[in-house]
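# Topology and contacts: notes
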Protein chains: 2
Amino acid sequence: MSDHLDLYPSRLKAYRKPIPRQDPIVHARNQKRWEGPLDEVALSRYERDGYLWFEGFFSKDIIEPFFEELKAMAKDDELMRSDQVITDPNSGAIRSVFGMHHLSERFDKLTRDPRILGMVRQLLGSEVYIHQSRINDKYGFEGSGFDWHSDFETWHAEDGMPRMRAVSASLMLTDNNEFNGPLMLIPGSHREFIPCVGETPEYNWKASLKAQKIGVPDQEALARLAEHGGIEAPKGPAGSLLLFECNVLHASNENMSPWPRSNLFFVYNSVDNTLDEPYAAPMRRPEYLGARETVEPLSMHD
Amino acid sequence: MSDHLDLYPSRLKAYRKPIPRQDPIVHARNQKRWEGPLDEVALSRYERDGYLWFEGFFSKDIIEPFFEELKAMAKDDELMRSDQVITDPNSGAIRSVFGMHHLSERFDKLTRDPRILGMVRQLLGSEVYIHQSRINDKYGFEGSGFDWHSDFETWHAEDGMPRMRAVSASLMLTDNNEFNGPLMLIPGSHREFIPCVGETPEYNWKASLKAQKIGVPDQEALARLAEHGGIEAPKGPAGSLLLFECNVLHASNENMSPWPRSNLFFVYNSVDNTLDEPYAAPMRRPEYLGARETVEPLSMHD
């Protein structure tokens, strides 16, 4: 485990009070902050809520080929048997595929799309690289939900991400509606770190990616934050984009509709925030969950 | 089992095609139909969708004492240990309490409230009695969902209800919002009967009231009906009322919010549609699930 100062202790033996966030939310400062592409209205909303929603950011024409490529991947037996593919605990269908940008040139190029990369660099105030990429799929009537959690809590405890200086870009590859298990967020929850009780077992990720039991915030803290900030579930057509801060609490419910829900996630981390040893786990996670080798700054793709 | 003609066969050994509804939706006819209290706009909407939603039907002042009485019941150890109380398969918290109108005079009077009873008599075209009453509770962060089903399918197969001539009145005792597991319905699905595959085991209700595995419509039929009619989840403050036809497909998702969801259900059946022997189950269910003894017409309470 890391021997560095741990600003955000978690996976504890006993309860510990929430810790105020120790890091900026928008990392670009002064003149850099104002150079765009996001304006002050968007930036202050991101500071307040912990996320930004762009309904219909890309057109359906642009999104279609990504969805088609995914369907082709699902027919690749060797890939489907690999550790990068996580199956649903109930139905056995695909739940997540990790390392999308290594599997496909199309997805790799998308991580470097100037329209996304510009905003991400501004939010993180530096050059950035991909910490993790994944698809979360929920088939009609089948996809299980994800319980409330902070991604940063896991990336810090299990991957050794030192500070809150990462952002997830989630691109909707299908429509997200009220009934197919859209992402829910608690606005404002990124301003606190909730230390979680329960030590991390070896190989925890093999279980946690199916259903998270460790690193789960206590219900009292969740209830307080939801009472204060409410809950929001952005909905919109395929091509919509969500940028959310690494510590904002989020979850999703089961897909009880016939309509599949397929969301792509690129996690961008600052090149000044590369991984240390895990802060609260007995071992590192695999490269496809937390990059240590491929951390060169991303260059824009035109 | 019943030796009467079975218009709606279910719990079958093999797949069978959906059957068009054999019964009227609004049972009051001609002049009786027009005598109110529901007007033609409401009646034709009920015929089209299979439900009617009355946001804020009762004021919160009227609803409050019911919720208080429920909280008092939850402290009654003897009641909580009885068969009428169903616990959540995951959390062990209360999921349902049956026979509410026998447990409490306040709830009994509510079943005879003229504002509800008038509409129900018109929809069913006769005097009515209570087939079943229950509370469905979902605590914050804890309540499991209910998979898609038709109530009539169960009442016909397991209770011997001959025809589609019953209506549920669901009164919200708490606010129902997007995140606390509101009831979802498929508008128009009451116009078909979906025969279900799988025979009814003995004492099926002991498992089915926690999580229904038998009498579950196939996904192909569900998808077709949801594509055609969409999915709706009426939301509103405590005191809102939903009237829904006995054969409309409905479900609900988990409560992922801190806000409890508590809905009261009174199932009204026509006195001309009293129970026969079960059409597709080896034994009758208990009186608190399907009334056979107390079937006198309800009189209005003022």
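Structure shown above.
Residues numbered from 1 in each chain as written. Chains lettered and ligands numbered in written order. Predicted model: local features only at pLDDT ≥ 70, side-chain atom pairs only at ≥ 80, totals over all residues. Heavy atoms only, no water.

## What about the overall build of chain A?
Rule in force here: Only DSSP runs of H or I reaching four residues or more are called helices, and only runs of E reaching two or more are called strands; each is numbered from the N terminus. Between buried and exposed lies partly exposed: a residue is buried under 20% and exposed over 50% of the maximum accessible area for its type, with that area taken using a 1.4 Å probe on protein chains only. Here, two residues are considered to be in contact whenever any of their heavy atoms come within 4.5 Å of each other. Where accessible areas are quoted, they stem from the Shrake-Rupley method and a 1.4 Å probe; at the residue level, only the protein chains shown are allowed to cover. When charges are counted, Lys and Arg are positive and Asp and Glu negative, with His and the chain ends excluded. The atoms used to mark charge sites are NZ of Lys, CZ of Arg, CG of Asp and CD of Glu.
A count of helical and extended segments in chain A gives 10 helices and 12 strands. Dimensions of chain A along its principal axes, counting C-alpha atoms only, are 45 × 45 × 40 Å. With 302 residues in all, chain A has 59% of them scored as buried. Residue pairs in contact within chain A that sit at least 24 positions apart in sequence constitute 86% of those at least 6 positions apart. Accessible area for chain A stands at about 12600 Å²; split by element, carbon and sulfur atoms hold 49% of it. Across chain A, 34 positive and 47 negative side-chain charges occur, with their mean positions spaced 2 Å apart.

## Details of the relation of the copies chain B and chain A
Test applied: Here the copies were fitted onto each other by least squares, based on C-alpha atoms from residues at pLDDT of at least 70 in both.
Least-squares fitting of chain B to chain A yields an RMSD of 0.0 Å, with the transformation described by 0.0 Å of translation along the axis and a rotation of 180°. Such a combination of rotation and displacement between the chain copies is what one expects of a two-fold axis. Of the residues that chain B buries at the interface, 100% are likewise interface residues in chain A, meaning the two copies contact each other through the same surface.

## Overview of the sheet that holds strand β7 (residues 166-172) of chain B
Residues and elements named next belong to chain B. Heads up, the rule is: Only strands that DSSP links by at least two bridges are regarded as paired with each other. Whenever a helix is involved, its axis is fitted only over the stretch in contact; in every case the axis is a line through C-alpha atoms, and angles between N-to-C directions fall within 0 to 180 degrees.
A sheet is described by the order of its strands in space; here 7 strands give the open sequence β2-β10-β7-β12-β5-β4-β3, paired in antiparallel fashion. The strands lining the two open edges of the sheet, one partner per strand, are β2 (51-54) and β3 (85-87). Mean inter-strand twist for the sheet, computed between neighbouring axes without regard to direction, equals 15°. The pairing of β2 with strand β10 (residues 241-245) spans 4 bridges and is classified as antiparallel. Along β10, the bridge assignment pairs tryptophan 53 with leucine 242.

## Structural notes on the interface of chain B and chain A
Basically, it comes down to this: What counts as buried area is the accessible surface, traced by a 1.4 Å probe, that two parts surrender upon association, with contributions from both included. Should a side-chain nitrogen of Lys or Arg be within 4 Å of a carboxyl oxygen of Asp or Glu, the pair is scored as a salt bridge. Two N or O atoms count as a polar contact when they lie within 3.5 Å, although within protein this holds only if one can serve as hydrogen donor and the other as acceptor, and sequence-adjacent residues are included solely when both atoms are side-chain atoms. Gly is placed with the polar residues, together with every amino acid not listed as nonpolar (Ala, Val, Leu, Ile, Met, Phe, Trp, Tyr, Cys and Pro) or charged (Asp, Glu, Lys and Arg).
Each side of the interface is counted separately: chain B has 27 residues, and chain A has 27 residues. When the two sides are added together, the surface that chain B and chain A hide from each other amounts to roughly 2100 Å², 62% of it contributed by carbon and sulfur. Considering only the side of chain B, the residues that lose the most area to chain A are Phe141, Phe179 and Met256 of chain B, jointly responsible for 31% of the buried surface there. Counting across the interface, chain B meets chain A through 2 salt bridges. Remark: the boundary between chain B and chain A carries 8 residue pairs in polar contact (both at pLDDT 80 or more). When contributions to the side of chain B that touches chain A are tallied by element, the ones reaching two or more residues are β6 (146-149), α10 (219-229) and β11 (250-252) of chain B. The element best represented in the side of chain B that touches chain A is α10 of chain B, accounting for 5 residues. Classifying every residue of the side of chain B that touches chain A by side-chain character gives 14 nonpolar, 6 polar and 7 charged.

## A short note on the packing of aromatic side chains
Just so we agree on the cut-off: Side-chain rings of Phe, Tyr and Trp, where Trp is taken by its six-membered ring, are said to pair if the distance between their centres is within 6.5 Å; with planes under 30 degrees apart they count as stacked, over 60 as edge-to-face, and otherwise as tilted. In this scheme, Lys NZ or Arg CZ marks a charge over a ring once it lies within 6 Å of the ring centre and within 35 degrees of the ring normal.
Under the criterion given, the structure shown has 18 aromatic pairs over all chains. Seen from their ring centres, phenylalanine 244 of chain A and phenylalanine 265 of chain A are 6.2 Å apart, and the 85° between their planes marks the pair as edge-to-face. Separated by 21 residues along the polypeptide, phenylalanine 244 of chain A in strand β10 (residues 241-245) and phenylalanine 265 of chain A in strand β12 (residues 261-270) bring together distant segments of the chain. Each residue in the set Tyr8, Phe152 and Phe193 of chain A is aromatic and connected to the rest through ring pairs, giving one cluster. Of note, arginine 95 of chain B hangs over the ring of phenylalanine 146 of chain B, and the distance from its end group to the ring centre comes to 3.6 Å.

## Considerations on helix α8 (residues 151-159) of chain A
All names here are of chain A. For α8, the buried fraction is high: 9 of the 9 residues fall into the buried class. Among the residues of α8, Asp151, Phe152, Glu153, Thr154, Trp155, His156, Ala157, Glu158 and Asp159 are the ones counted as buried. The distance from a side-chain oxygen at the start of α8 to the backbone nitrogen of phenylalanine 152 is 3.2 Å, and the residue carrying that oxygen is serine 150. The first or second residue beyond α8 is glycine 160, which carries a positive phi of 75°.

## Notes on the pairing of β10 of chain B
Residue and element names in this part refer to chain B. Counting buried positions along β10 yields 5 of 5 residues, so the element is predominantly enclosed. Pairing of β7 with β10 involves 5 bridges; the strand directions are antiparallel. If you follow leucine 171 over to β10, its bridge partner there is leucine 241.

## Observations concerning the side chain of arginine 33 of chain A
Residues and elements named next belong to chain A. Here arginine 33 is to be found in helix α1 (residues 31-34). Of the polar contacts made by the side chain of arginine 33, one reaches the side chain of glutamate 40; its length is 2.6 Å. Non-local contacts of arginine 33, meaning those with residues more than four positions away in its chain, are made with Val26, Ala28, Leu38, Glu40, Leu43, Ser44, Glu47 and Gln122.

## Details of unusual backbone geometry
All names here are of chain A. Each neighbour pair has its own omega, and for glycine 36 with proline 37 the value is 10°, a cis peptide bond. Within the chain, arginine 11 stands out as a residue other than glycine whose phi angle is a positive 55°. Within the secondary structure, arginine 11 sits in the segment before β1 (19-20).

## Structural notes on the side chain of serine 133 of chain A
All names here are of chain A. Within the secondary structure, serine 133 sits in strand β5 (residues 128-138). When its relative accessible area of 0% is taken as the criterion, serine 133 is described as buried. At 2.9 Å, the side chain of serine 133 forms a polar contact with the backbone nitrogen of methionine 100. For serine 133, the residues in contact, after removing those within four places along its chain, are Val97, Phe98, Gly99, Met100, His101, Phe265 and Phe266.

## Regarding the nonpolar core
Note the threshold: We define a nonpolar core as any set of buried Ala, Val, Leu, Ile, Met, Phe, Trp, Tyr and Cys residues linked to one another through side-chain atoms lying within 4.5 Å.
By size, the foremost hydrophobic cluster in this structure holds 41 residues, and its most contacted members are Leu243, Leu264 and Tyr268 of chain A. No other element matches helix α7 (residues 114-124) of chain A, which puts 6 residues into this core. Residues within four places of leucine 264 of chain A in sequence aside, it is in contact with Met100, Phe107, Leu110, Arg134, Ile135, Ala169, Ser170, Leu171 and Leu173 of chain A. Of all hydrophobic cores here, the second largest spans 40 residues; its members include Leu70, Met100, Leu173 and Leu264 of chain B.

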